[in-house]
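Architecture and fold: a report
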Amino acid sequence: MTQIIAIANQKGGVGKTTTSINLAACLANTRTRVLLVDLDSQGNATSGLGIDKNSLEKDMYDVLIHGTHMDKVVVETKWRNLSVAPATMNLAGAEIELIEKKNRALSLKKQLDKVKESYDFVLIDCPPSLSLLTINALTAADSVLIPIQCEFYALEGVSQLIQTVDRIRETSNPNLFVEGIVMTMADTRTNLSNDVVAAVHQHFPDLLYKTMIPRSVRLGEAPSYGEPIIAYDPKCKASDAYRALSREVKRRAK
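Structure report, in brief. (Residues numbered from 1 in each chain as written. Predicted model: local features only at pLDDT ≥ 70, side-chain atom pairs only at ≥ 80, totals over all residues. Heavy atoms only, no water.)

As for the overall build of the protein
Each helix and strand in the protein was counted, giving 11 helices and 8 strands. The globule rule puts the C-alpha radius of gyration for 254 residues at 18 Å, and the 17 Å found for the protein is close to it. For the protein, the spread of C-alpha atoms along the three principal axes comes to 50 × 40 × 30 Å. A separation threshold of at least 6 residues defines the contact pool for the protein, and within that pool the share at least 24 residues apart is 78%. Here the protein displays about 11900 Å² of accessible surface, and carbon together with sulfur accounts for 48% of that area. Here the protein contributes 30 positively and 29 negatively charged side chains, and the mean placements of these two sets differ by 5 Å. (Helix = DSSP H or I, 4+ residues; strand = E, 2+ residues; numbered from the N terminus. Rg over C-alpha atoms; globule rule 2.2 N^0.38 Å. Contact = heavy atoms within 4.5 Å. Areas by Shrake-Rupley, 256 points an atom, 1.4 Å probe, with all protein chains shown as cover. Lys, Arg positive; Asp, Glu negative; His and termini not counted. Charge placed at Lys NZ, Arg CZ, Asp CG, Glu CD.)

So, the pattern of salt bridges
Opposite charge on two side chains makes pairing possible when the charged atoms of those side chains draw close. Applying the stated rule across the entire model yields 10 salt bridges. Ionic pairing is found between Arg218 and Glu221, a salt bridge with its closest N-O pair at 3.0 Å. Within this pair, Arg218 and its partner Glu221 are both found in helix α9 (residues 217–221), separated by 3 residues, close to a single helical turn. Owing to a relative accessible area of 32%, Arg218 belongs among the partly exposed residues under this scheme. It is possible to trace a salt-bridge network through shared partners that takes in Lys109, Asp113 and Lys116. (Salt bridge = Lys/Arg side-chain N within 4 Å of Asp/Glu carboxyl O. Buried < 20%, exposed > 50% of the residue type's maximum accessible area, 1.4 Å probe, protein only.)

Observations regarding the side chain of Thr88
Locating Thr88 in the fold gives a position in the loop between β4 (82–85) and α4 (94–99). Judged by relative accessible area, which is 11%, Thr88 ranks as buried. Look past the residues within four positions of Thr88 in its chain and what remains in contact with it is Ser41, Lys53, Leu56 and Asp59.

Observations concerning the environment of Gln3
Along the chain, Gln3 falls in strand β1 (residues 3–7). In this structure, the C-alpha to C-alpha distance between Gln3 and Asn191, residues 188 residues apart in sequence, is 36 Å. Once residues within four sequence positions are removed from consideration, Gln3 is found in contact with Asp120, Phe121, Val122, Asp142 and Ala253.

So, a nonpolar patch on the surface
The grouping of Phe152, Tyr153 and Leu192 at the surface amounts to a nonpolar patch, some 370 Å² of accessible area in total. Position of Phe152 among the secondary structure elements: in the loop between β6 (143–149) and α7 (158–171). The class for Phe152 is exposed, based on a relative accessible area of 67%. (Patch = residues over 30% accessible without salt bridge, like charges linked within 9 Å, V, L, I, M, F, W, Y side chains within 5 Å.)

What about the side chain of Thr134?
Structurally, Thr134 can be placed in helix α6 (residues 132–140). A residue is classified by how much of its surface remains accessible, and Thr134, at 1% relative accessible area, is buried. If we skip the residues at most four places from it in the chain, Thr134 touches Cys126, Pro127 and Ser129.

Overview of the packing of aromatic side chains
A full pass over the atoms with the stated rule returns 1 aromatic pair. Here the guanidinium or amino end of Arg252 rests over the ring plane of Tyr209, the centre of that ring lying 4.0 Å away. (Phe/Tyr/Trp six-rings, centres within 6.5 Å; stacked < 30°, edge-to-face > 60°. Lys NZ or Arg CZ within 6 Å of the ring centre and 35° of its normal.)

Here's the deal with the pairing of β6
Counting buried residues along β6, 7 of its 7 residues qualify, which places the element largely inside the surrounding structure. In terms of strand pairing, β1 meets β6 through 3 bridges, oriented parallel. By the bridge assignment for β6, Ile7 is matched with Leu145. Both β6 and strand β7 (residues 177–186) contribute to a ladder of 7 bridges, which runs parallel. Note on β7: the bridge partner recorded for Ser143 is Phe177. Taken together, β6, α7 and β7 constitute a β-α-β crossover, and its handedness is right-handed. (Pairing = 2+ DSSP bridges. Right-handed = clockwise from strand over helix to strand, strands pointing away.)

Interpretation in functional terms is not warranted from these geometric data alone.
This is how it looks when you write it as structure tokens:
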């Protein structure tokens, strides 16, 4: 069965899009059919996989607002088994226009239901806010993966996100659950990183992935070349980490 995972955290700068891109690429590299849905108007998941946003005739805005079939907007990447439903700045207007629509929280789910059987995993890169776009993602998803940066304010907002998941479960998606929490930008040589990981483990002992994503200059460079880290530098520690995370995600999906 297709697994739909929303990658969400309303706090910006936690490695959400980086995780979306690289988890998608690592899953696809194991002969798994993956669709990455870019639901952030900044379109970083789109450009981070080498897609020229200026060349796109349609994007996720058209899917959500005009009901365009997702097959009409999905773009194949140069990596086998990996496709992207792209976003551009047009998506910024979707927040306002969705308010006018009936059953607005179901807009994404209705469209994904038409194409999801073509994929093993659908990953949704959510915007850094608990917006109507994020609500759409949570309503359409089977589960939520939460990236948390190894920093002092790591837990800030996570409880609010989990409360939102609970509300979505009560109103529109009763089977939604938290897939797990992944620590990003980790440096195990520092007390701060270790203390943050310990705090997250204390609060969410059953949700924390064993894999931690290290702080990495190469990981920051890769998007400017339009490549996931396993293509840009396949032997670096960040590549190893995202491969390990993809294996954990696949195990939990079984």
